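# Tertiary structure, described
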Amino acid sequence: MERTFIIIKPEGVRRGLIGEVLSRFERKGLRIARLTTGHIPEKVAREHYAHLKDKPFFDELVEYMTSGMVCMAIIEGPNAIQHVRSLIGATNPVEAAPGTIRGDFATELPYNIVHASDSPETAIAEIARFFGTEEDA
Ligand code: UDP
Ligand code: MG
């Protein structure tokens, strides 16, 4: 059993895609272990994307991620990290295959609907950052 962390980004929530995105994880056979909505404070967005801080798109990315309500979840199941990354598709919507979330619902960066942890280490860090470290999740 493995856990990963996802964010349905502000335009995903604005476009009414929370149910659509979560249902794809559920249909795969993964479980929604925790679920919440809220706004990401700028400081937390900068920390979450700190590895990209030298990229030219960093400020735009932080502004986008803090521009509206998001939906955050812990998704659980066998190989959850890799399965969720496969279901969301490539980072750039131009390269994301039809049938993936980004391939079906997004057209251009940075607006690609959903974030998902990319490794066991980032999953642990991101779950702690956004949900805390309590064991009863
Ligand atoms: N992003 C962007 N321009 C780029 C690369 C990334 O605007 O050239 C944004 C995009 O929203 C992406 C986020 O930055 O989801 C984080 O980038 P990362 O490389 O971690 O991609 P991801 O893990 O989200 O697929
Ligand atoms: Mg990433």
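Residues numbered from 1 in each chain as written. Chains lettered and ligands numbered in written order. Predicted model: local features only at pLDDT ≥ 70, side-chain atom pairs only at ≥ 80, totals over all residues. Heavy atoms only, no water.

If you check the shell around ligand 1, you find Lys9, Tyr49, Leu52, Phe57, Leu61, Arg85, Thr91, Arg102, Leu109, Pro110 and Asn112 and nothing else. One of the backbone N or O atoms of Pro110 is found 2.8 Å from an oxygen atom in ligand 1. Between ligand 1 and Asn112 there is a distance of 2.8 Å, counted from an oxygen atom to a side-chain nitrogen or oxygen. For ligand 1, whose free accessible area comes to 500 Å², the fraction covered by protein is 80%. Taken together, the residues of the shell around ligand 1 break down into six nonpolar, two polar and three charged. (Near = heavy atom within 4 Å. Polar contact = N/O pair within 3.5 Å; in protein donor to acceptor, adjacent residues only side chain to side chain. Areas by Shrake-Rupley, 256 points an atom, 1.4 Å probe, with all protein chains shown as cover. Nonpolar A, V, L, I, M, F, W, Y, C, P; charged D, E, K, R; others polar.)

Take the sheet that holds strand β3 (residues 70–77) next. Pairing in this open sheet of four strands is antiparallel, and the strands run β2-β3-β1-β4 from one edge to the other. The open sheet has two free edges, formed respectively by β2 (31–38) and β4 (114–116), since each of these has just one partner strand. Each adjacent strand pair in this sheet contributes to an overall mean axis angle of 20 degrees, direction not counted. Note: strand β1 (residues 2–8) against β4, three bridges, orientation antiparallel. (Pairing = 2+ DSSP bridges. Helix = DSSP H or I, 4+ residues; strand = E, 2+ residues; numbered from the N terminus. Axes fitted to C-alpha atoms, helices over the stretch in contact; angles between N-to-C directions.)

Glancing now at unusual backbone geometry. Omega for the bond connecting Leu109 with Pro110 falls within 30 degrees of zero, at 5 degrees, which places this linkage in the cis form. In this structure, Asn79 is a non-glycine residue whose phi angle is positive, near 55 degrees. Within the secondary structure, Asn79 sits in the loop between β3 and α5 (80–88). With a phi angle near 70 degrees, Ile113 is a residue other than glycine that sits in the positive phi range.

The subject of this paragraph is the pattern of salt bridges. Applying the stated criterion across every chain yields a total of seven salt bridges. Here Glu42 makes a salt bridge to Arg46, at a shortest N to O gap of 2.9 Å. With Glu42 and Arg46 both in helix α3 (residues 42–48) and four residues apart, the pair spans about one turn of that helix. Residue Glu42 is classed as partly exposed on the basis of its relative accessible area, which comes to 46%. Overall, the relative accessible area of 33% leaves Arg46 in the partly exposed class. In this structure, Arg129 engages Glu47 in a salt bridge whose closest nitrogen and oxygen atoms are separated by 3.0 Å. (Salt bridge = Lys/Arg side-chain N within 4 Å of Asp/Glu carboxyl O. Buried < 20%, exposed > 50% of the residue type's maximum accessible area, 1.4 Å probe, protein only.)

For the rest of this paragraph, the subject is the packing of aromatic side chains. Using the criterion set out here, one finds three aromatic pairs in the structure. Measuring from centroid to centroid gives 4.8 Å for Phe5 and Phe130, while their planes differ by 10 degrees, and the two rings are stacked. With a gap of 125 residues between them, Phe5 in strand β1 and Phe130 in helix α7 (residues 120–131) connect regions that are remote in the sequence. For Phe130, a relative accessible area of 16% puts it in the buried group. Taken together, a centroid distance of 6.2 Å and an interplanar angle of 75 degrees make the contact between Phe5 and Phe131 edge-to-face. Linking Phe5 in strand β1 with Phe131 in helix α7, this pair joins segments that are 126 residues apart in sequence. (Phe/Tyr/Trp six-rings, centres within 6.5 Å; stacked < 30°, edge-to-face > 60°.)

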